[in-house]
Amino acid sequence: MPAIRPPWPDLPTGLRTRVAELLDAPVDQVHGDSQDGGFTPAAALRVHTRSRHTGRAGGRAGGNGLFVKAIPADHPLAAAYETEAHTLAELPAAALAAELVWCGTVDGWIVMVLTDVPGRHPDLGIGSPDIPVVVDAVAAMSRALNPSPLVDAAPVTVPRGWRDLTTDQLETEPTAWAISRLGELAALEERWAAQAAGTALVHNDIRPDNLLL
């Protein structure tokens, strides 16, 4: 089920103050709109000054606001946020990712601040005109990320899902068809490492709510 994200007023004071500094605005003039989607119960907000609505926004956000992602440092997924910040800092502009403005730890929270990208999530349903646009963007990203700009990126690991399953675990109607095919599925799984070998940096979670047009 979708994540329940903390709203802007519930974030630590030091975190909100740091974001306000990046917007060059008093903290009481900063507003954050929590973003739906995703499955991580962490903060994800489009943040801007209240004066933005009257066309007077300034500071490092340049009138476009900022995008803030934050998670408690003791959360099991905190290391993934640190990896994401490190990755964003190393990506070339051709990778079509938002620019990392600042990252750090404030009041026990790991924080990423990015440029805010106006847009909408694409429709990837059959026949959607968004599909060719997304395909072209992913192809451009693929060219920009091969070879990987991150020399310390972790190699892909071989999944063990089918090899570790038992017939008892598969005796439900939706997966009963797989019982007689466990050997074949496990053999296909063994090919994963060879098929995934290469020099490119791979985005493993390309879905509509991770894309913006």
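Residues numbered from 1 in each chain as written. Predicted model: local features only at pLDDT ≥ 70, side-chain atom pairs only at ≥ 80, totals over all residues. Heavy atoms only, no water.

An account of the environment of serine 148 is requested, with residue identities and associated values reported.
Looking at where serine 148 falls in the secondary structure, it is placed in the loop between helix H3 (130–144) and helix H4 (161–164). With residues up to four places along the chain from it excluded, the contact list for serine 148 reads Ala153, Thr199, Ala200 and Leu201. Looking at serine 148, its side chain comes within polar contact range of the main-chain nitrogen of leucine 150, at 3.0 Å. (Helix = DSSP H or I, 4+ residues; strand = E, 2+ residues; numbered from the N terminus. Contact = heavy atoms within 4.5 Å. Polar contact = N/O pair within 3.5 Å; in protein donor to acceptor, adjacent residues only side chain to side chain.)

Describe the nonpolar core, with residues and values.
Core analysis: the biggest nonpolar cluster contains 20 residues, and Leu15, Val19, Val47 and Val113 have the highest contact counts within it. If you list the elements that add at least two residues to this core, you get helix H1 (13–23), strand E2 (43–49), strand E3 (66–72), strand E4 (100–106) and strand E5 (109–115). Looking at this core, the element that brings in the most residues is H1, giving five residues. Apart from residues lying up to four places away in sequence, valine 113 is in contact with Val19, Leu22, Leu66, Phe67, Val68, Glu99, Leu100, Val101 and Trp102. Counting residues in hydrophobic clusters, the runner-up holds 10 residues, among them Tyr81, Leu88, Leu100 and Ile110. (Core = buried A, V, L, I, M, F, W, Y, C linked by side-chain atoms within 4.5 Å. Buried < 20%, exposed > 50% of the residue type's maximum accessible area, 1.4 Å probe, protein only.)

Which residues make up the pairing of E5, and what are the values?
With six of its seven residues buried, E5 lies for the most part within the structure. Note: E3 against E5, seven bridges, orientation antiparallel. Directly across from isoleucine 71, in E5, lies its bridge partner isoleucine 110. Inspection of the sheet shows E4 paired to E5 by six bridges, in the antiparallel sense. Looking at E5, one finds that glycine 104 is bridged to valine 111. If you look at the hairpin formed by E4 and E5, you'll find two residues sitting between the two strands, and aspartate 107 has a positive phi there, around 50°. (Pairing = 2+ DSSP bridges.)

Which residues make up the pattern of salt bridges, and what values go with them?
Per the stated rule, a full pass over the model turns up six salt bridges. By sharing partners, the salt bridges in this structure join Asp205, Arg207 and Asp209 into a single network. (Salt bridge = Lys/Arg side-chain N within 4 Å of Asp/Glu carboxyl O.)

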